[in-house]
Amino acid sequence: MYEIPDQTGKLIVVTGANSGTGKEATRRLAAAGARVVMGVRTIAKGQQARDEILTSQPTAHLDVRHIDLADLASVEWFAGGLAADGTPIDVLINNAGMMAPPTRMTTVDGFELQFGSNFLGPFALTVRLLPLILAAPKPRVATMSSGTANYGRIRFDDLQWERHYSPNRSYAQSKLADLLLTQHLAATSRQHGWNLISTAAHPGFTRTNLQTAGASLGRDKPKRTLLNSLNILPSQRRARHGAPAVHRNQPRRGHRWLLRPGRALRPGRPHDQGPDTSQGPRRRHRRTALGRGRRPHRRHPAHRSQLTARPVRESDRPSATRLG
């Protein structure tokens, strides 16, 4: 497991710190010597998480504070409290989020719940804390995204999913928006010469309450799905997947997420170095009878008839090369 270097003297803000990857990131950062502000929606749960961490880390410096990312007034109040303290923030981890409520719900301000909680709330928090973040010597903002961003689309004609609400696709849209936030913050940092690193993290499929508690919104009990009932997908416990949010080997300033319109790709090389050709030129397959971009498998001669769409004609047979 990745060992976090010494964080003594640093102030780190973690949202959603009372459970899942946020709690694990808080535990490991506090163990490395950082003072951690635990941004939580429910103070009682935050205090319980703090007490559990203190059991194993008696010297941890933990500060539980209320924030509800689905309420922009709460975001303003949280950021105002940190601004009143005046302490530079070395790291902001935008970890809190929610996933796939079965019916369309809205934030206090009237935005679709996932778009508001997963994107607009963290965006507003990052902007409000930016003066404190830039006051730190080597600041970093880490935003939790998801691999679902690969099939996400920004529906500019219906950002709030007022028509044909889809729990999973609206979640994917919010996580794609998080990648756009990460990319734009990195570009702004380069443009203004800030010593700020903006990164995004994908935790993989992690065994937390995101797939169970989050999806129970609007229901008496969590919806049973293949993800939370049969446990058929490979996953890891949160102790290992808390690492993406705190790993030091993140892209340096100048690296950015490469995005196609409506689709998120892997983190790429600096835009001024061109594509990565270390693995050789990328091959493009011809359109075949088996489908676009697919290469026919080699088969035993006895089974070649399975690939034959029509009888072999005389014109298909090889002929001698004509000379002159």
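Calculation rules
Residues numbered from 1 in each chain as written. Predicted model: local features only at pLDDT ≥ 70, side-chain atom pairs only at ≥ 80, totals over all residues. Heavy atoms only, no water. Helix = DSSP H or I, 4+ residues; strand = E, 2+ residues; numbered from the N terminus. Buried < 20%, exposed > 50% of the residue type's maximum accessible area, 1.4 Å probe, protein only. Contact = heavy atoms within 4.5 Å. Areas by Shrake-Rupley, 256 points an atom, 1.4 Å probe, with all protein chains shown as cover. pLDDT = per-residue confidence, 0-100. Pairing = 2+ DSSP bridges. Right-handed = clockwise from strand over helix to strand, strands pointing away. Expected span 1.5 Å × (residues − 1). Axes fitted to C-alpha atoms, helices over the stretch in contact; angles between N-to-C directions. Parallel < 35°, antiparallel > 145°, perpendicular 65-115°, else oblique. Left-handed = near helix turned anticlockwise from the far one by under 90°. Nonpolar A, V, L, I, M, F, W, Y, C, P; charged D, E, K, R; others polar. Phe/Tyr/Trp six-rings, centres within 6.5 Å; stacked < 30°, edge-to-face > 60°. Salt bridge = Lys/Arg side-chain N within 4 Å of Asp/Glu carboxyl O.

A. Up close: the overall build of the protein. For the protein, the helix and strand inventory stands at seven helices and ten strands. Here the protein holds 324 residues, and the buried ones make up 42% of them. By sequence separation, contacts in the protein at least 24 residues apart represent 70% of the contacts at least 6 residues apart. Total accessible area on the protein is roughly 19,400 Å²; 50% of this is exposed by carbon and sulfur atoms.

B. A look at the confidence of the model for the protein. Confidence along the protein averages 77 in pLDDT terms, with 62% of residues attaining 70 or more. Segment residues 218-222 is flagged for pLDDT under 50; beyond a separation of four residues in sequence, or across chains, it makes four contacts in the model. The low-confidence segment residues 284-292 (pLDDT under 50) makes ten contacts with residues lying over four places distant or belonging to another chain.

C. Local environment of the pairing of strand E4 (residues 91-94). Where burial is concerned, the two faces of E4 agree: the one with Val-91 and Ile-93 and the one with Leu-92 and Asn-94 are both buried. One ladder, built from three bridges, connects strand E1 (residues 11-15) with E4; its direction is parallel. Within the sheet, the bridge partner assigned to Ile-12 lies in E4 and is Val-91. Bridge count between E4 and strand E5 (residues 140-144): four bridges; the pairing is parallel. Note that in E5 the partner of Ile-93 across the bridge is Ala-142. Considered for its hand, the β-α-β crossover made up of E4, helix H4 (residues 113-134) and E5 is right-handed.

D. Structural detail: helix H5 (residues 167-192). Between its first and last C-alpha atoms H5 spans 38 Å; for 26 residues at 1.5 Å apiece the expected length is 38 Å, and the two agree. Taken from the residues just after H5, Gly-193 is the one with a positive phi, measuring 70°.

E. A look at the packing of helix H3 (residues 72-85) against H4. The interhelical angle for the contact between H3 and H4, taken along N-to-C directions, is 20°, at an axis separation of 10 Å. If you check the angle between H3 and H4, you find them roughly parallel. As for the relative orientation of H3 and H4, their crossing is right-handed in sense. Each of Leu-72, Val-75, Glu-76, Phe-78, Ala-79, Leu-82 and Ala-83 in H3 lies in contact with H4, whose residues at this interface are Leu-120, Gly-121, Ala-124, Leu-125, Arg-128, Leu-129 and Leu-132. In the contact of H3 with H4, the residues fall into eleven nonpolar, one polar and two charged.

F. Structural context of the sheet that holds E1. Judged by pairing direction, the sheet is parallel, and its six strands sit side by side in the order E3-E2-E1-E4-E5-E6 without closing on themselves. Of all strands in the sheet, those bounded by a partner on one side alone are strand E3 (61-66) and strand E6 (197-201). The average angle at which neighbouring strand axes cross in this sheet is 15°, direction not considered. Relative to E6, E5 runs parallel, the two sharing five bridges. Residue Val-141 lies in a different strand from E6, and its bridge partner there is Ser-198.

G. Expanded view of the packing of aromatic side chains. Scanning the model with the defined rule gives two aromatic pairs in all. Each ring, one from Phe-115 and one from Phe-119, has its centre 5.3 Å from the other, and the planes form 45°; the classification is tilted. Of the two residues, Phe-115 and Phe-119 are both situated in helix H4; the distance of four residues between them amounts to about one turn of the helix. Both residues of the pair, Phe-115 and Phe-119, count as buried. Centroid distance Phe-119 to Phe-123: 5.9 Å. Interplanar angle 25°. Geometry classified as stacked. Of the two residues, Phe-119 and Phe-123 are both situated in helix H4; the distance of four residues between them amounts to about one turn of the helix.

H. Broad picture of the pairing of E5. The element E5 is largely enclosed, with a buried count of five among its five residues. On E5, burial covers both faces: Arg-140, Ala-142 and Met-144 on one face and Val-141 and Thr-143 on the other are all buried. Of the crossover connections in this fold, the one passing from E5 over H5 to the parallel E6 is right-handed.

I. Up close: unusual backbone geometry. Despite not being glycine, Ala-100 shows a phi value in the positive range, around 55°. For Ala-100, the location among the structural elements is in the loop between E4 and H4. Looking at Ala-100, the relative accessible area reads 14%, which means it is buried.

J. Inspection of the pattern of salt bridges at higher detail. If you walk through the whole model with that rule in mind, you get nine salt bridges. Ionic pairing is found between Asp-51 and Arg-50, a salt bridge with its closest N-O pair at 3.8 Å. Assessed through its relative accessible area of 41%, Asp-51 is described here as partly exposed. Judged by its relative accessible area of 24%, Arg-50 is partly exposed. Taken together, the shared-partner salt bridges in this structure form one network comprising Arg-35, Asp-63, Arg-65 and Asp-85.

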